[in-house]
Amino acid sequence: MPASSPLPNPLIAAMSAYAPGEQPQGEGWVKLNTNENPYPPSAQVVQALQEAVGVKSANFRLYPSPDSAPVREAVSHLHGLPASQVVVGNGSDDILNLLIRAYAGPGRAVGMLDPSYSLYTVLAAAQGAPLVKVPLQADGSWSAEAIAQSGATVFFLTNPNAPLGFVFAASQVALLAERFAGLLVVDEAYADFAGVDCVALVKSHPNVVVTRTLSKAYALAGLRVGYALCPVGVAEILHRVRDSYNLDRLAQVAAVAALQDKTWLKVTVGKVCATRSLVGQRLQSLGWKVNPAAGNFIFAEPRSRTREPSLATAADAFEFLRARKILVRRFPHHPLTATGLRISVGTEAEMQAFLAAAEAWSQG
Ligand SMILES: *Cc1c(COP(=O)(O)O)cnc(C)c1O
């Protein structure tokens, strides 16, 4: 028997895990830190799940559809793209991982706007893919030329951007796709809240993939479903590296019901967007600097009578809120995010509680 455990793959030894937002235990939290939907999923989802665990529970002994065929059909119907161009993942994080495993690796760089979603860096590190970061400017602009020259094999454009909230027009993304030689992945986790998407580009451009999740707009973060809309030929590549049964039966049942209930999506997204604009206005009237917000979150820089914007000011506001059981998110590691807070849009009542605390802090 060896004296110690064997060493891991050096790539894995050198990397760190993704740091997800805190999931607090216990009751009474106003949880505005991981962009979950404050409203429940569609009643049709609940009904379909009840049927699946009730009269149909004998099916649990059987493996699920390996390629989530019923979900691919529902996605195909929703976006008007053949089911053969749809890949379903265990959350869109699974899809992002498949894209990197299939298209990036040693000598095949992953690119991203900086700041954007930090999971891309973790997934790239695990595959030994170099990482190139193209700066996002404070005004929400970026250089298509810099991306075209980045040398990336796969470039992730988070649209709307997280955590800053900017949205980029499909025409701007199309121009980028025409200049960039690699695979352009438009991560549309928040597109339902933006009223802007790049799905049409998947049909017109052979190098554009759009990824979506049911975690945000469809309120199914706990069941883990996401999907990719792929140009012809790309889906077949992603299926090669996918887990054979990457979505369980319940997740597939829930996803189909959720995707079919367009009314519930419209109602809940409408409420979130209305609350988003009210909260943005209130924060501005408190003197906070508020970014344009296209997702289900607001990025804002806390300011008070006595405090200039800084990392310490943001930390102070964060702790003030946390002491009142209101949890938001800080991103202290980038100059464009270090002085701000990302606040998920909750219910009206949750946002009233948040605004009351924000006002108390601002006057302190
Ligand atoms: C939330 C989020 C995802 C991941 O969604 P899951 O489907 O829950 O894995 C992907 N990209 C961005 C930018 C996100 O904010």
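Here, every reference points to the structure presented above.
This write-up is about the structure you can find in this document. (Residues numbered from 1 in each chain as written. Predicted model: local features only at pLDDT ≥ 70, side-chain atom pairs only at ≥ 80, totals over all residues. Heavy atoms only, no water.)

**Some details on the packing of aromatic side chains**
No. 1: If you walk through the whole model with that rule in mind, you get nine aromatic pairs.
No. 2: Between Tyr18 and Tyr117 the ring centres are 5.9 Å apart and the planes differ by 75°, which places this aromatic pair in the edge-to-face class. Of this pair, Tyr18 sits in the loop between α1 (10–14) and β1 (30–31) while Tyr117 sits in the loop between β3 (109–114) and α5 (119–126), placing them 99 residues apart in sequence.
No. 3: The class of Tyr117 is partly exposed, set by a relative accessible area of 22%.
No. 4: Each ring, one from Phe155 and one from Phe180, has its centre 6.2 Å from the other, and the planes form 70°; the classification is edge-to-face. Here Phe155 is found in strand β5 (residues 152–158), whereas its partner Phe180 is found in the loop between α7 (170–179) and β6 (183–187), with 25 residues between them in sequence.
No. 5: We note Arg324 situated over the ring of Phe320; from NZ or CZ to the ring centre the distance is 3.5 Å.
No. 6: In this arrangement the basic side chain of Arg342 is found over the ring face of Phe297, its NZ or CZ atom lying 5.8 Å from the centre. (Phe/Tyr/Trp six-rings, centres within 6.5 Å; stacked < 30°, edge-to-face > 60°. Helix = DSSP H or I, 4+ residues; strand = E, 2+ residues; numbered from the N terminus. Buried < 20%, exposed > 50% of the residue type's maximum accessible area, 1.4 Å probe, protein only. Lys NZ or Arg CZ within 6 Å of the ring centre and 35° of its normal.)

**Let's talk about the pattern of salt bridges**
No. 1: Overall, the coordinates contain twelve salt bridges when judged by the stated rule.
No. 2: We note a salt bridge from Glu22 to Arg322, for which the minimum N-O separation is 2.5 Å. Of this pair, Glu22 sits in the loop between α1 and β1 while Arg322 is found in helix α12 (residues 311–323), placing the two residues 300 residues apart along the sequence.
No. 3: One salt bridge in this structure joins Arg212 and Glu188, with 2.9 Å as the shortest N-O distance. Of this pair, Arg212 sits in strand β7 (residues 208–213) while Glu188 sits in the loop between β6 and α8 (199–204), and the two are 24 residues apart along the sequence. Comparing Arg212 with Glu188, the two get one shared label, buried.
No. 4: Bridged by salt links that share partners, the residues Glu188, Asp192 and Arg212 form one connected network. (Salt bridge = Lys/Arg side-chain N within 4 Å of Asp/Glu carboxyl O.)

**Here's the deal with the environment of Asp93**
No. 1: Relative to the helices and strands, Asp93 resides in helix α4 (residues 92–103).
No. 2: For the pair formed by Asp93 and Val225, sequence separation is 132 residues and the distance between their alpha carbons is 9.0 Å.
No. 3: When neighbours within four sequence positions are excluded, Asp93 is seen to be in contact with Tyr117, Leu119, Leu123 and Arg224.
No. 4: One polar contact links Asp93 to Tyr117, side chain to side chain, over a distance of 2.9 Å. (Contact = heavy atoms within 4.5 Å. Polar contact = N/O pair within 3.5 Å; in protein donor to acceptor, adjacent residues only side chain to side chain.)

**Notes on empty space enclosed by the protein**
No. 1: This model, assessed by the stated rule, comprises one cavity of 30 Å³ or more.
No. 2: If you add up the space inside the largest cavity, you get close to 40 Å³.
No. 3: Lining the largest cavity are Ser42, Ala217, Tyr218, Ala258, Asp261, Trp264, Leu265 and Thr268.
No. 4: Ranked by residue count, the leading element in the lining of the largest cavity is helix α11 (residues 262–285), at three residues.
No. 5: Of the residues contributing to the lining of the largest cavity, the split by class is five nonpolar, two polar and one charged. (1 Å grid on protein atoms, 1.4 Å probe; cavity = no way out; pocket = protein on both sides within 12 Å on 5 of 7 lines; lining within 4 Å. Points joined across faces, edges and corners; volume = space filled by probe spheres on them. Nonpolar A, V, L, I, M, F, W, Y, C, P; charged D, E, K, R; others polar.)

**Considerations on the layout of surface pockets**
No. 1: By volume, the largest pocket is sized at about 1200 Å³.
No. 2: Around the largest pocket, the lining comprises 48 residues; the ones closest to its centre are Tyr18, Ala19, Tyr117, Ser118 and Arg329.
No. 3: When residues of the lining of the largest pocket are traced back to their parent elements, those giving at least two are α4, β3, α5 and α12.
No. 4: The dominant element in the lining of the largest pocket, judged by the number of residues it contributes, is α4, at three residues.
No. 5: Each residue belonging to the lining of the largest pocket can be placed in one class, and the counts come to 19 nonpolar, 17 polar and twelve charged.
No. 6: Inspection of the lining of the largest pocket shows a minimum of three residues originating in each of domain 1 (20–40 + 263–363) and domain 2 (43–260).
No. 7: Put simply, the second largest pocket is a space of about 220 Å³.
No. 8: In terms of lining, the second largest pocket is formed by Ala48, Glu51, Ala52, Lys56, Asn59, Phe60, Pro64, Ser65, Pro70, Arg249, Gln252 and Val253. (Domains from an automatic or database assignment.)

Any functional reading would require information that these geometric values do not contain.
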